[in-house]
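Structural overview
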Amino acid sequence: MDLSFLGGASTVTGSRFLLNTGRAQVLIDCGMFQGSPNETVRNRVPLGMSPADLDAILITHAHLDHCGLLPVVVRDGFRGRIFLTSATAELVEIVLLDSGRLQEEFAKRHNRWEARHAPEAVAADAAEAAKYQEALDEAKRAAEEGHVPTSIEPDDEPTLPPIRDEEATLRAQPPAVEANLDEPLYTEDDAKLVMPMFQQVRYGTAVQVADGITATFVDAGHILGSAIIHLEVAKDDGSAPTTIVFSGDLGRPDTPILRDATPMSGADYVLCESTYGGREHEPAAESVRMLAEVVRATHDAGGVLLIPSFAIGRTQEVVWELDRLIEHGEIPMLPLYLDSPMASRASDVYRRHPEFYDEETKKLLDEGNSPLDYPDQTITRSADESKAIATATRPYMIVASNGMLTGGRVVSHLRNLIGDPSATILFVGYQGVGTLGAHLQAGAKTVKLDGAVREVKCRIRSISGFSAHADESELLAWIGNFAKGRHPGEPGYPKTIFLVHGDPDAQIAIAPKVQALGFEVHVPHWRERVTLV
């Protein structure tokens, strides 16, 4: 029984885990790499498996780094079922169609730019080709290194298994770059082929997803419909199943709208996210206090508050908190522009699925409140409406996508506000390594926008407590549940905790603390394959 880490290994994005039992092949998550160019170019590298050989795909939730490569896998031959919750199904449709459309638009803009800037285009293409070749070489090296049996002792020499089809594919790649890096990774039409393959599942209901593999989805508390996936895997008929738990992305306890992540116990192997390893969020009350403080300061300065926010999850939570602050009289009524068509559609999905809400939000609904709407909000749908925000009477607030300033309408607002001392950029979520958001958050004094260096004169603030990810102590508490009432070697005590979905610094920080809880810990690298025994 092999587990291959095709993404989400030593990086936060691109989650993709391939389970091969000999009887069946199942992919858990099918995410895109996002962030810096060195990460995103990995989306162009051969998948590391044959889509036609997959029996099923299981999706934990609707963020692009967990579902964004589904159109590629379907286009390249996958014909099985895609298992996911009802809310995730609706959100994935929005995300994938938007992604395909944006990729087509970006490719057209890029081609027009290349036609006008031939010398610069040659240099840019060469740099992109070099990044692609580096990623391809890294994938080939991983294939050549083979696999790592989880049962080996430190001094053992692992034997390598026969080379499989996906490894042969990688080795056969010529040294010259053949991928067309200027074309969309997939189109909107490609994305439309994914949805007919959906099979919706309910929390807590076991479903057979492939021969010998049964999956149970439970609430992860991350975004609407997000799931932890518990697998029971039988290598042959009549044998005791091996249990594997995939955390997906774990939400924070006591956050608005959604229930808390489900405590889990009893597994042979656990794959746990580690996004915020080594870091602690502010307490929820402190985060809300800081938000109110920034809004009041924006009002007093007669300025603009720009909140880069992910369209699904973070936007809804920020609006929820602003609505509560208005209700309690803690902030002035500043106009709010919700400048993200995707966020607007996602909020509609949230409204259609109150069955996923926590008790506090259900109570607000029962009392006639509208917790997903701010009293003085304007939803902008067209590009012209978005541009018109710049001429609106100040002070006002903007919530726009995306959350790491790597694209979307938020970048246009940043152009207008980066040099404005009365403006504030407020980060409320994770900023990937190498992204513009990360540079600003780290205190950059200048940034490059549209090829020109711009001085940063606006204020930069950050609030980590609005993160949809559990922090280190919350991750450790969730992992610690697997040891309660059990000792190493006993049934249900995990043989290995795999730390995934985290940057190296975060994983280095949290790994010894997971070991201190009594677990064997492994931090896989990209394209690594382990044998589960």
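Now for a quick tour of the structure. (Residues numbered from 1 in each chain as written. Predicted model: local features only at pLDDT ≥ 70, side-chain atom pairs only at ≥ 80, totals over all residues. Heavy atoms only, no water.)

1. Some thoughts on the pairing of strand 13 (residues 304–308)
- The buried fraction of strand 13 is high, at five of five residues.
- Judged from the five bridges that link them, strand 13 and strand 16 (residues 396–400) form a sheet pairing that is parallel. Counted as the bridge partner of Pro308 is Ala400 from strand 16.
- Relative to strand 17 (residues 423–427), strand 13 runs parallel, the two being bridged by three bridges. Counterpart to Leu305 in the pairing with strand 17 is Thr424. (Buried < 20%, exposed > 50% of the residue type's maximum accessible area, 1.4 Å probe, protein only. Helix = DSSP H or I, 4+ residues; strand = E, 2+ residues; numbered from the N terminus. Pairing = 2+ DSSP bridges.)

2. Concerning the sheet that holds strand 21 (residues 496–500)
- Within the open sheet, the seven strands sit side by side as 8-9-10-11-12-21-22. Their pairing is mixed. Two strands bound the open sheet, and with one partner strand each, they are strand 8 (206–210) and strand 22 (521–522).
- Across four bridges, the pairing between strand 8 and strand 9 (residues 213–219) is antiparallel. Looking across to strand 9, one finds that Ala206 is bridged to Thr216.
- Sheet strands touched by helix 15 (residues 472–480): strand 10 (227–233), strand 11 (242–246), strand 12 (269–273) and strand 21. Its angle to strand 12, the strand with the most contacts, is close to 165°.
- On top of the sheet, helix 16 (residues 504–516) reaches strand 21 and strand 22; it is set at about 165° to strand 21, its chief contact. (Contact = heavy atoms within 4.5 Å. Axes fitted to C-alpha atoms, helices over the stretch in contact; angles between N-to-C directions.)

3. Considerations on a positive patch on the surface
- A contiguous patch of positive charge, built from Lys108, Arg109, Arg112 and Arg116, is present on the exposed surface.
- Checked against the element boundaries, Arg109 lands in helix 4 (residues 86–116).
- The exposure class assigned to Arg109 is partly exposed, which follows from its relative accessible area of 44%. (Patch = residues over 30% accessible without salt bridge, like charges linked within 9 Å, V, L, I, M, F, W, Y side chains within 5 Å. Areas by Shrake-Rupley, 256 points an atom, 1.4 Å probe, with all protein chains shown as cover. Salt bridge = Lys/Arg side-chain N within 4 Å of Asp/Glu carboxyl O. Lys, Arg positive; Asp, Glu negative; His and termini not counted. Charge placed at Lys NZ, Arg CZ, Asp CG, Glu CD.)

4. Some remarks on the packing of aromatic side chains
- Summed over all chains, the structure comprises nine aromatic pairs.
- Pairing Phe5 with Phe17 gives two aromatic rings, centres 5.9 Å apart and planes at 75°, and the pair type is edge-to-face. Taken together, the positions of Phe5 in strand 1 (residues 2–7) and Phe17 in strand 2 (residues 16–20) put the pair twelve residues apart, joining distant regions of the chain. Across this residue pair, the class does not change: Phe5 and Phe17 are buried.
- On the numbers, 6.0 Å between centres and 85° between planes, the contact of Phe33 with Trp526 is edge-to-face. A residue pair is termed long-range when its members are at least 10 positions apart, and Phe33 in the loop between strand 3 (25–28) and helix 1 (37–40) and Trp526 in the loop between strand 22 and strand 23 (529–531) qualify at 493 residues. Each of the two residues, Phe33 as well as Trp526, counts as buried. (Phe/Tyr/Trp six-rings, centres within 6.5 Å; stacked < 30°, edge-to-face > 60°.)

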